[in-house]
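Here's the letter readout for the chains.
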Amino acid sequence: MPEYTIEWDAENECIIYIDQTLLPGRHERMRCTNIDDLARAIRRLEVRGAPALGIAGAMGVALAAVRSREQDLKRFFDEVGRAGALLRGTRPTAVNLAWGIDRVLRKAALATSVDEAKAIAVAEANAVAEEDELTCRRLGGFGEELFPARCTVLTHCNAGALACRCWGTALGTIRSAIAAGKDVRVIACETRPLNQGSRLTCWELLRDGVDVTLIPDSSAAYLMRKGMIDLVVVGADRITNDAVFNKIGTYMHAVAAHHHGIPFYVAAPVSTFDLARKEADVVVEERDRSELTHCGEQRLAPDGVGVLNYAFDATPLDLVDAIVTEIGVLRPPYTESFRLVGMDEETRS
Ligand code: MRU
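Position numbers for residues start from 1 in each chain and track the written sequence from start to end. A pLDDT threshold of at least 70 governs which residues receive local features in this predicted model, and a stricter bar of 80 or more applies before side-chain atom pairs are shown or counted, although totals over entire chains, interfaces and linings include all residues. The basis for every side-chain value is the complete set of heavy atoms in the structure, and neither hydrogens nor water enter the calculation.

**Looking at the pattern of salt bridges**
By convention in these notes, a salt bridge is any Lys or Arg side-chain nitrogen within 4 Å of a carboxyl oxygen on Asp or Glu. Following the criterion strictly, the structure yields 29 salt bridges and no others. Between D102 and R88 there is a salt bridge whose closest N-O contact spans 2.7 Å. Taken together, the residues D102 in helix α4 (residues 95-108) and R88 in helix α3 (residues 73-88) connect sequence positions 14 residues apart. In this structure, the salt-bridge partner of R175 is D208, at a minimum N-O distance of 2.8 Å. Here the residue R175 occupies a position in helix α6 (residues 170-179), and D208 occupies one in the loop between α7 (196-207) and β6 (211-215), the gap between them amounting to 33 residues. Exposure categories follow from relative accessible area, calculated using a 1.4 Å probe and restricted to protein chains: below 20% of the type maximum is buried, above 50% is exposed, and the middle band is partly exposed. The class for R175 is buried, based on a relative accessible area of 8%. Each of E3, E7, R29 and R207 takes part in salt bridges that share partners, so that together they form one network. Counting from the N terminus, the helices are the DSSP runs of H or I reaching at least four residues and the strands are the DSSP runs of E reaching at least two.

What follows is the structure, encoded as structure tokens:
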């Protein structure tokens, strides 16, 4: 059985997750028993990555439900709803967080007693987690068909097992290509300022015996110019009807790939789509200045300097050659192919 990034501990009625801020130095699993700790863990990126945030949101609602002492159904739902609102505010850009929270709240709302609502919330949160694994493996199967038999792939941030329950989205396509017998080498961008690429992507790929080479973000375009990259594959935090939101730096890789005629692919589950919105409607998370001015105790910038620290950027769809999902590979014109996503959402609801 693969190790899960985040899971529900039924015996102790709590959430267990790998603390990603400690990697690659320490690989430790944490136990979370209350909503305030979970909100803090999400803000600190102990749990991160769009699908893993979806699971965290879903399990957070389940946690609030099982820990509630309320017996009155209305007051119980008020309390659980407040927990959902708290979690939702922790990271505004990654739509999966709100998706996971809403999915469990909606299902639990069908209950006619507090005990039933608790049981439904836990079952639905576990369903979100189990489906994520199936989704990643299915998506990986579609994505690997885009890979030549021998290729070097550039990826940014971490859209791997650590960003999901296991397997991954962008890294899931790479894992599936390798499982299909393809010779795949990975170039991992370090992903400043929090280094999800060097700390997490390199760690999980090396652990699986994948050939991975670390580069500074700033050298990606030069490697493309030298013919050292065959394709780019990244994950996504939200896909609107005109853009793909992903870790800051993704857009510059898309521009560079387009300039060099290199395919630029996005791998994301249907739950990451937010087609009722456009780029301008989305709040892009801005993070603390200390992420740029300090490395631990070490000062990296002079006191008083202005800092702009967007956590994500938006890549317009005309720079995206394909979006790999669990229902297939979507290609331009996206106005047409996005209809499949709408149809899939309708059949599930
Ligand atoms: O700030 P993070 O580390 O949560 O950002 C994560 C990313 O941008 C990932 O690329 C994205 O969530 C895709 S996860 C499969």
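So, next bit.
**Quick look at the sheet that holds strand β13 (residues 312-316)**
For two strands to count as paired, DSSP must find a minimum of two bridges between them. With respect to topology, three strands assemble into an open sheet ordered β8-β9-β13, the strand pairing being antiparallel. Lying at the two open borders of the sheet, with one neighbouring strand each, are β8 (238-239) and β13. One ladder, built from five bridges, connects strand β9 (residues 243-247) with β13; its direction is antiparallel. Within β13, the residue paired with F245 across the bridge is A314. Throughout, a residue-residue contact means that at least one pair of heavy atoms, one from each residue, lies within 4.5 Å. For helices, the fitted axis covers only the stretch in contact; all axes are lines through C-alpha atoms, and the angles between them, taken along N-to-C directions, range from 0 to 180 degrees. Helix α9 (residues 250-260) contacts β9 and β13 of the sheet and is inclined by roughly 30° relative to β13.

**Some thoughts on the domain arrangement of the chain**
Domain borders in the structure are assigned automatically or taken from a domain database. With domains assigned, the chain is organised as domain 1 (6-137) and domain 2 (140-348). Using C-alpha coordinates to define each centre, domain 1 is positioned 25 Å away from domain 2. Taken together, the 29 residues of domain 1 in the interface contact 36 residues of domain 2. On the surface where domain 1 and domain 2 come into contact, there are two salt bridges.

**Some thoughts on the site of the ligand**
As a structural note, the neighbourhood of the ligand is formed by 18 residues, with R48, R91, D237, N246 and K247 the closest of them. Contact between the ligand and A50: an oxygen atom at 2.9 Å from a main-chain N or O atom of the residue. Side-chain atoms alone can form a polar contact between residues adjacent in sequence; in general such a contact is a pair of N or O atoms within 3.5 Å, and within protein one must be able to donate a hydrogen while the other accepts it. At a separation of 2.8 Å, an oxygen atom of the ligand approaches a polar side-chain atom of R91. Each accessible area is a Shrake-Rupley result for a 1.4 Å probe, and residues are judged covered by the shown protein chains and nothing else. Contact with the protein chains hides 100% of the accessible area of the ligand, taken as 410 Å² for the molecule alone. Within the residue set of the shell around the ligand, elements represented by two or more residues are α2 (50-67) and β9. Of the residues in the shell around the ligand, the class split is eight nonpolar, six polar and four charged. We call a residue near a molecule or strand when any one of its heavy atoms sits within 4 Å of it. Think of it as three bins: nonpolar holds Ala, Val, Leu, Ile, Met, Phe, Trp, Tyr, Cys and Pro, charged holds Asp, Glu, Lys and Arg, and polar takes everything else, Gly as well.

**Some thoughts on the sheet that holds strand β1 (residues 6-9)**
An order of β1-β2-β3 is seen for the three strands of this open sheet, with the pairing classed as antiparallel. Unpaired on one side and paired on the other, β1 and β3 (29-32) mark the two borders of the sheet. Taken pair by pair, the neighbouring strands of this sheet meet at an average axis angle of 25°, ignoring direction. For strand β2 (residues 14-18) and β3, the ladder comprises four bridges, and the chain directions are antiparallel.

**Thoughts on the nonpolar core**
Side-chain atoms within 4.5 Å are what join buried Ala, Val, Leu, Ile, Met, Phe, Trp, Tyr and Cys residues into a set we call a nonpolar core. By size, the foremost hydrophobic cluster in this structure holds 40 residues, and its most contacted members are I6, W8, I15, I42, M59 and L87. Among the secondary structure elements, those contributing two or more residues to this core are β1, β2, α1 (35-43), α2, α3, α4 and α5 (114-144). Looking at this core, the element that brings in the most residues is α2, giving twelve residues. With near-sequence residues (within four places) excluded, W8 lies in contact with E13, C14, I15, M59, A62, L63, V66, V122 and N126. The next biggest cluster of nonpolar side chains, apart from the first, holds 30 residues, and it includes V232, I239, A268 and F273.

**Things to note about the side chain of D274**
Topologically, D274 is positioned in the loop between β10 (264-267) and α10 (290-293). Since its relative accessible area comes to 8%, D274 is described here as buried. Polar contacts involving the side chain of D274 include one to the side chain of R238, which spans 2.6 Å.

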